[in-house]
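# Working through the structure, step by step
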Amino acid sequence: MRHVVSTAVTGIVLVLGGLLTGCGGGPSAEDLAVVDYTPAAADGWEVSTPAEHDLDQDAVAELYWRAGQLDSIYSLLVVKDGDLVAEEYFNGGQPDQLALMQSAAKSITGAMVGVAIEEGCLPGVDEPMMTYFPELADRLDDPRKNDITIEQLLAHRAGYAWEESSTELLELLYQGFLPDQRALVEVPLVRDPGSGHDYSNLSSHLLSVIVSRACETDLLDYATEHLFGPLGIEPGDWTQDWDGYRWGGGELHLRARDRARVGQLYLDDGAVDGDQIVPAAWIEDSWTPYTEGAWNSKVGNNFDRTAYGYQWWIIDAGPQTYYLAWGHGGQQIAVLPELDMVIVVTADPLFGDHGGSGWSLEKANLNLVADFIADLPPA
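Along each chain, the written sequence defines residue order, and numbers are assigned to residues from 1. Selection of residues for local features in this predicted model requires a pLDDT of at least 70, selection of side-chain atom pairs for listing and counting requires 80 or more, and totals for whole chains, interfaces and linings are taken over all residues. Values shown for side chains rest on all heavy atoms present in the structure; no hydrogens or waters enter the calculation.

Helix and strand labels come from DSSP, where a helix needs a run of H or I of at least four residues and a strand needs a run of E of at least two; each type is numbered from the N terminus. Helix and strand counts for the protein chain come out as eleven helices and eleven strands. Relative to its length of 379 residues, the protein chain is compact, with a C-alpha radius of gyration of 20 Å against a globular reference of 21 Å. In terms of its C-alpha atoms, the protein chain occupies a principal-axis envelope of roughly 70 × 45 × 35 Å. Burial status follows relative accessibility: with a 1.4 Å probe on protein chains alone, a residue under 20% of its type maximum counts as buried, one over 50% as exposed, and anything between as partly exposed. Expressed as a percentage of the 379 residues in the protein chain, the buried residues total 57%. For every accessible area listed, the method is Shrake-Rupley and the probe measures 1.4 Å; residues are considered covered only by the protein chains on display. Approximately 14,800 Å² of the protein chain is accessible, and the part contributed by carbon and sulfur atoms is 47%. Within this scheme the basic residues Lys and Arg register as positive and the acidic residues Asp and Glu register as negative, but His and the chain ends are omitted. Charge placement uses NZ in Lys and CZ in Arg. For Asp and Glu, CG and CD serve respectively. With 19 positive and 60 negative side-chain charges, the protein chain shows a separation of 6 Å between the mean positions of the two kinds. Radius of gyration: over C-alpha atoms. The globule rule applied is 2.2 Å multiplied by the number of residues raised to the 0.38 power.

Turning our attention to the sheet that holds strand S11 (residues 341-347). On the basis of which strands lie adjacent, the open sheet formed by seven strands has the order S2-S1-S11-S10-S9-S8-S7 and antiparallel pairing. Strand pairing shows two members of the sheet lacking a second neighbour, strand S2 (83-89) and strand S7 (304-308), which therefore form its edges. Averaged over all neighbouring strand pairs, the angle between strand axes comes to 20°, with direction disregarded. In this analysis, strands are considered paired if DSSP registers two or more bridges between them. Relative to strand S9 (residues 320-327), strand S8 (residues 313-317) runs antiparallel, the two being bridged by five bridges. Note on geometry: axes are C-alpha line fits, over the in-contact stretch for helices, and angles between N-to-C directions span 0 to 180 degrees.

Okay, the pairing of S7 next. Two strands pair when backbone bridges link them, and S7 and S8 are joined in this way by three bridges, in the antiparallel orientation. Looking at S8, one finds that Asp304 is bridged to Asp316. The antiparallel pairing of S7 with S8 creates a hairpin that spans four residues between the two strands, and Gln311 there sits at a positive phi of about 65°.

Turning our eyes to something else, we now look at unusual backbone geometry. Phi is positive for Gln102, close to 50°, though the residue is something other than glycine. Within the secondary structure, Gln102 sits in the loop between strand S3 (99-100) and helix H3 (106-119). In this structure, Asp340 is a non-glycine residue whose phi angle is positive, near 50°. Among the secondary structure elements, Asp340 is positioned in the loop between strand S10 (331-336) and S11.

Below, the discussion takes up helix H7 (residues 201-214). Each helix should span, by expectation, one fewer than its residue count multiplied by 1.5 Å. Helix length check: H7, at 14 residues, gives a terminal C-alpha distance of 20 Å against a target of 20 Å (1.5 Å per residue), a fit within 8%. Among the 14 residues in H7, twelve count as buried, and that is most of the element. The set of residues buried in H7 consists of Asn201, Leu202, Ser203, Ser204, His205, Leu206, Leu207, Ser208, Val209, Ile210, Val211 and Ser212. Glu216 sits one or two positions beyond H7 and adopts a positive phi of about 50°.

Bringing the nonpolar core into the picture now. Grouped burial of nonpolar side chains is what soluble globular proteins tend to show. Only buried residues count toward a nonpolar core. Its members are Ala, Val, Leu, Ile, Met, Phe, Trp, Tyr and Cys residues joined through side-chain atoms within 4.5 Å. The biggest cluster of nonpolar side chains holds 76 residues, and the ones touching the most others in it are Met129, Phe133, Tyr160, Leu227, Phe228 and Val278. Broken down by element, the residue count for this core peaks at seven residues, all from helix H8 (residues 219-231). Leu55, Leu76, Trp295 and Ala364 belong to the second largest nonpolar core, which has 44 residues in total.

Right, let's talk about the environment of Gly250 for a bit. Among the secondary structure elements, Gly250 is positioned in the loop between H8 and strand S4 (253-254). For Gly250, a relative accessible area of 2% corresponds to the buried category. Sequence spacing of Gly250 and Leu100 is 150 residues, and the spatial spacing of their C-alpha atoms is 8.2 Å. When residues no more than four places from it in sequence are discounted, the contact partners of Gly250 are Gln102, Ser103, Ala105 and Trp238. It only takes one pair of heavy atoms within 4.5 Å for two residues to be counted as in contact.

What follows deals with the side chain of Gln240. Mapping Gln240 onto the fold places it in the loop between H8 and S4. By relative accessible area, which is 14% here, Gln240 ends up buried. Pairs of N or O atoms within 3.5 Å make up the polar contacts considered here, provided that, within protein, one atom can donate a hydrogen while the other can accept it, and that residues adjacent in sequence are counted only when both atoms are side-chain atoms. At a separation of 3.1 Å, a polar atom in the side chain of Gln240 contacts the main-chain carbonyl oxygen of Gly244.

This paragraph deals with the confidence of the model for the protein chain. Values of pLDDT, ranging from 0 to 100, describe the predictor's confidence in every residue of the model. Per-residue confidence for the protein chain gives a mean pLDDT of 90; residues scoring 70 or more make up 91%. Low confidence marks residues 1-23, where pLDDT is under 50. Its contacts with residues over four positions away, or in another chain, come to 56 contacts.

It is worth spelling out the pairing of strand S1 (residues 73-80) at this point. Among the eight residues of S1, eight are classified as buried, and the element is accordingly described as predominantly covered. Relative to S11, S1 is paired through seven bridges, and the arrangement is antiparallel. Paired with Val78 across the bridge in S11 is Ile343. Linking S1 back to S2 in an antiparallel pair, the connection comprises two residues, with Asp81 at a positive phi of about 55°.

Note that Thr306 resides in strand S7. Once residues within four sequence positions are removed from consideration, Thr306 is found in contact with Thr291, Glu292, Gly293, Ala294, Trp295, Trp313, Ile314 and Ile315.

Let's shift gears to the packing of aromatic side chains. Stacked, edge-to-face and tilted are the three classes for Phe, Tyr and Trp ring pairs, Trp counted by its six-membered ring, which pair at centre distances within 6.5 Å; planes under 30 degrees apart are stacked, over 60 edge-to-face, the rest tilted. In total, this model carries 16 aromatic pairs according to the counting rule given. An aromatic cluster of at least three residues, connected via ring pairs, comprises Trp162, Tyr199, Trp295, Phe303, Tyr308, Trp313, Trp326 and Trp359.

Moving on, we get to the packing of H3 against H8. Between H3 and H8, the least distance of the axes is 10 Å, while the angle of their chain directions is 75°. One finds that H3 runs roughly perpendicular with respect to H8. Residues Ile108, Thr109, Met112, Val115, Ala116 and Glu119 of H3 form the contact with H8, whose own contacting residues are Leu219, Tyr222, Ala223, His226, Leu227 and Phe228. Residues are grouped as follows: Ala, Val, Leu, Ile, Met, Phe, Trp, Tyr, Cys and Pro are nonpolar; Asp, Glu, Lys and Arg are charged; every other residue, Gly included, is polar. In the contact of H3 with H8, the residues fall into nine nonpolar, two polar and one charged. The scheme is simple: roughly parallel for angles under 35 degrees, roughly antiparallel for over 145, roughly perpendicular for 65 to 115, oblique for anything else.

Shown next, in the form of structure tokens:
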């Protein structure tokens, strides 16, 4: 099978000058008066205004003013009570842009695990990972890998390392996993399965392989049948590994409005138009914090807690808790059940950039959303 290399990176922005322009002092009344975040009516969304949903218009205007100061953001959408109330595109972003989700795609992979269990392809989260890799049974270099379960892969508690922790693992991440999934043998465990959390792209990719093998399908086809199709989404490419399996840890391309549809689906307990697309119980499981403090690098004053569920982050910002599909560069699908709100950010995916400049850009996008959410009044 061919190895598809992602080509969705469009003009990686590395310029830091002006990244936080205006953040030392807020916008003036004149600045806010000219901010336009009015969404266009299209694509099946009901369009409304913040005021019609009891959102402070000046606060929303300031959110979009601050977004306009950032160097790497492509789009910012706010959905309230099921209506699209604010939308704008920046730095060359467009409504029809099939943007790279990076690790936000993990939440799509996680949804497909839940659907596969509901459909009967998978028996449940306690099933051993190695059930689906019988060809590697006599090649394991570490017998602890026999103990890894699907649940541990979902919660990133399988014992695999964060790939950015070493040059060798980062190279493996970008060169793609070898035929026959030999990375299972070659990537060492850094802890006993179930004993702690390590953010792991490999774990998410193994979930893609497991669903594909268990349900005898291609993961993109499976997601199109059970998720994208019912939501009216036409996805873009989803990168494949050497064996043709979709890259479960990222590399999926979706439009901003379609990401909002995924967020709204989770907000609606997995149902759309009366049809249950993702089991409601699976969403509850996905948003259960299996690890607290899973991210230990400072993001911002209002980006707090960073618990991890099943391929979703749980973030506290001020008095609010939100559930976050988070990808490199600051890709975000933020879901706030208490406020019936979804916020979507697409951004430069910063493909291959894991240095200080890239992290500064990503933090700015994350803090944009967290700071806005922190100032929202409780429901």
